[in-house]
Amino acid sequence: MATATHSAERPPTSDGPTGTERQQGSGPIRRIIAASLATGLVAAAVVTLGVFAGAGEHATTGSALLGFALGWAMLAVLSVRMTDQPQRWAFIPAAGMAATGLGLLVLAPEGGALTAAGWVWPAVLLALALWMGLRVRRSLAAGSGRWLLYPVLVVMSAAAVGGAVETVALASAQNRYAMPGRSYDVGGYELHLACTGSGGPTVVLQSGLGEFSSSWARVAPAVAGTTRVCAYDRAGQGWSDDAPRIQDGLQAAADLHTLLDRAGENGPFVLVGHSTGGSYAMTYAARYPEQVAGLVLLDASDPYQATATNSTADPSVPAELAVLPSLARLGIAQLVPASWSSLPEPAAGQIQAFATSPRGFQNTADESAAMPALFGQAQALTTLGETPLVVLTASETAQTNDGWSAAQSRMAALSANSSHRVADTTHAALLDEEHGAEVSARAIDDVVHAVRSGSPLASD
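Scope of this entry: the structure provided in the associated data block. Bear in mind that the values here come from a model prediction, so they are computed numbers and not experimental data. (Residues numbered from 1 in each chain as written. Predicted model: local features only at pLDDT ≥ 70, side-chain atom pairs only at ≥ 80, totals over all residues. Heavy atoms only, no water.)

A word on the overall build of the protein
- Along the backbone of the protein there are 18 helices and 8 strands.
- Against the compact-globule benchmark of 23 Å for 460 residues, the protein has a radius of gyration of 29 Å, which places it well outside the compact range.
- C-alpha atoms of the protein, sized along the principal axes, occupy 115 × 45 × 40 Å.
- Taking all 460 residues of the protein together, the buried fraction comes to 48%.
- A separation threshold of at least 6 residues defines the contact pool for the protein, and within that pool the share at least 24 residues apart is 80%.
- Computed over 24 positive and 36 negative side-chain charges, the inter-centroid distance for the protein is 15 Å. (Helix = DSSP H or I, 4+ residues; strand = E, 2+ residues; numbered from the N terminus. Rg over C-alpha atoms; globule rule 2.2 N^0.38 Å. Buried < 20%, exposed > 50% of the residue type's maximum accessible area, 1.4 Å probe, protein only. Contact = heavy atoms within 4.5 Å. Lys, Arg positive; Asp, Glu negative; His and termini not counted. Charge placed at Lys NZ, Arg CZ, Asp CG, Glu CD.)

Observations regarding the packing of aromatic side chains
- Enumeration according to the criterion identifies 4 aromatic pairs in this entry.
- Look at Phe212 and Trp239: their rings are 5.8 Å apart centre to centre, the planes differ by 65 degrees, and that puts the pair in the edge-to-face class. Here Trp239 lies in the loop between β4 (229–232) and α9 (249–262) and Phe212 lies in the loop between β3 (203–206) and α8 (219–224), a separation of 27 residues in the sequence.
- Note on Phe212: relative accessible area 3%, which makes it buried. (Phe/Tyr/Trp six-rings, centres within 6.5 Å; stacked < 30°, edge-to-face > 60°.)

With respect to the pattern of salt bridges
- Scanning the entire structure with this criterion turns up 6 salt bridges.
- Residues Glu265 and Arg228 are paired through a salt bridge, measuring 2.9 Å at the closest nitrogen-oxygen approach. You can see Glu265 sitting in the loop between α9 and β5 (269–274) and its partner Arg228 sitting in the loop between α8 and β4, a full 37 residues away along the chain.
- When its relative accessible area of 24% is taken as the criterion, Arg228 is described as partly exposed.
- A salt bridge links Glu367 to Arg234; the nearest nitrogen and oxygen atoms lie 2.9 Å apart. Taken as a pair, Glu367 in helix α14 (residues 358–378) and Arg234 in the loop between β4 and α9 lie far apart in primary sequence, 133 residues in all. (Salt bridge = Lys/Arg side-chain N within 4 Å of Asp/Glu carboxyl O.)

Side note on a nonpolar patch on the surface
- A cluster of nonpolar residues, Trp119, Val120, Val124 and Val168, forms a patch on the protein surface that exposes about 410 Å² of accessible area.
- The residue Val120 is located in the loop between α5 (111–117) and α6 (121–139) in this model. (Patch = residues over 30% accessible without salt bridge, like charges linked within 9 Å, V, L, I, M, F, W, Y side chains within 5 Å. Areas by Shrake-Rupley, 256 points an atom, 1.4 Å probe, with all protein chains shown as cover.)

Regarding the nonpolar core
- Counting residues in each nonpolar core, the largest one holds 34 residues, and the members touching the most others are Leu259, Leu271, Met282, Tyr284, Leu295 and Leu297.
- Those elements that provide at least two residues to this core are β2 (190–196), β4, α9, β5, α10 (277–287), β6 (292–298), β7 (389–394) and α16 (404–412).
- What Leu297 contacts, discounting residues up to four positions off in sequence, is Gly273, Gly278, Met282, Leu389, Val390, Val391, Leu392 and Met411.
- Grouped together as the second largest cluster of nonpolar side chains are 28 residues, Val203, Leu205, Ala394 and Ala423 included. (Core = buried A, V, L, I, M, F, W, Y, C linked by side-chain atoms within 4.5 Å.)

A short note on the state of the cysteines
- Within this structure, the stated rule accounts for 1 disulfide.
- Residue Cys195 pairs covalently with Cys230 via a disulfide, S to S 2.1 Å. When the S-S torsion is 110 degrees, as for the bridge of Cys195 with Cys230, the disulfide is right-handed. Residue Cys195 is found in strand β2, and its partner Cys230 is found in strand β4; the two are separated by 35 residues along the sequence.
- On the basis of relative accessibility, which here comes to 0%, the residue Cys230 falls in the buried class. (Disulfide = S-S within 2.5 Å.)

Thoughts on the sheet that holds β4
- Pairing in this open sheet of 8 strands is mixed, and the strands run β1-β2-β4-β3-β5-β6-β7-β8 from one edge to the other. If you trace the sheet from one side to the other, it starts and ends with β1 (182–185) and β8 (418–423), each paired once. Each strand axis lies, on average, 25 degrees off the axis of its neighbour in the sheet, ignoring direction.
- The sheet contact formed by β1 and β2 spans 4 bridges and is antiparallel. Following the sheet pairing, Tyr184 is matched in β2 by Leu191.
- Along the sheet face, α10 touches β3, β5 and β6 and points at about 150 degrees away from the line of β5. (Pairing = 2+ DSSP bridges. Axes fitted to C-alpha atoms, helices over the stretch in contact; angles between N-to-C directions.)

Observations concerning unusual backbone geometry
- Cis geometry marks the peptide bond from Gly200 to Pro201, where omega comes out at 0 degrees.
- Counting through the fold element by element, Pro201 comes out in the loop between β2 and β3.
- Note that the residue after Glu345, namely Pro346, is joined by a cis bond; omega there is 10 degrees.
- Assignment of secondary structure puts Pro346 in the loop between α12 (324–329) and α13 (347–355).
- The backbone phi angle of Ser275 is positive, close to 60 degrees, even though this residue is not glycine.
- Relative to the assigned elements, Ser275 resides in the loop between β5 and α10.
- Under the relative-accessibility criterion, Ser275 is labelled buried at 12%.
- Located in the positive-phi region is Asp299, a residue other than glycine, with phi close to 45 degrees.
- In this structure, Asp299 sits in the loop between β6 and α11 (319–322).
- Taking relative accessible area as the criterion, Asp299 reaches 0% and is therefore assigned buried.

Encoded structure:
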């Protein structure tokens, strides 16, 4: 009997808090957990979208980690000082995230280094999340706020798995898609150029926002049957290296001029630009008029929407676009259904791989930031004289965008030898779909013929 009584009074051996502790301390610890998680989330948002708004991927990720570290540190400190359920384990994620965040901000690694790190950090993050889960279960009694922490740990685990998937996908795409053509140094970094066909004048294809050389997979072969044609990637696109800083239209034009010279491609050239690529082509024509034999604008963006001040403003990446490369690094883009494309393989796969990669999102963000300056610089082209010019407008774009037709006509007026045509197709289909690509190739062939023969362009 005495033994039974002694056993009944024996103190609990569990590592967790006693029933009395749960009653006395569950309220404060729950409030501290909720406040700490909210603080970390708000701090990450403020420093990422405010203090480091528009910064590169390393700064976006690093600043977010510092914000989250603040939340974990707050949980550790306040729980130790104000409750009887100290969560000292929270110092570990706080220290780890703070050290990693500061390292990213100080070292400023480029995309290639971040991709290489993808073979390490997902495993570390997953191990940390699992360890934190064990510590939460041991140090927090049921009903003391575990349910607030478990979803966070699930998100951390999902981020780790997504990061691993993204790293494997990037490596797979790199191995699967060999670079056509060659790369040439243009001053500290290399640009990719792929040329086919023979004869002159040489046609140079300029891609729009979110596009690159593979986007011309239907048009380039069709043009190559008539003359030499070259597709290239601007800095940050496709197989080209990243530039040290965001490039405006003039810098991109200087790069292209150097690229063509070092590749041994002789001008003058017929420039072809699709969408915003039209403004890049116009800027090149304004900067190097002696190198332009003809111009083709395929549903080109309206450069006249820019103001004079835009052309000299320093480019700044919108905050909402700046976070996309970091999110893509977590594999989130792999969850989005693949964008449908009627381009033949391997071009369709190459475009999808680039568009959903952290580098693809960064390029879109950078070129979006440079767009006002680009448009202002394209306005420097006030006349082409008698240079053959075809402006091809997609009917759908003209129907859905007020002022689009007027802007297209204004561009057609740049030359006394021009033809403004309307194609019964969509903006993207001018490159993607067979009919649209045929219409685009015909427009290019007409300009090539006009350059060769010196004859005026037909209206259609």
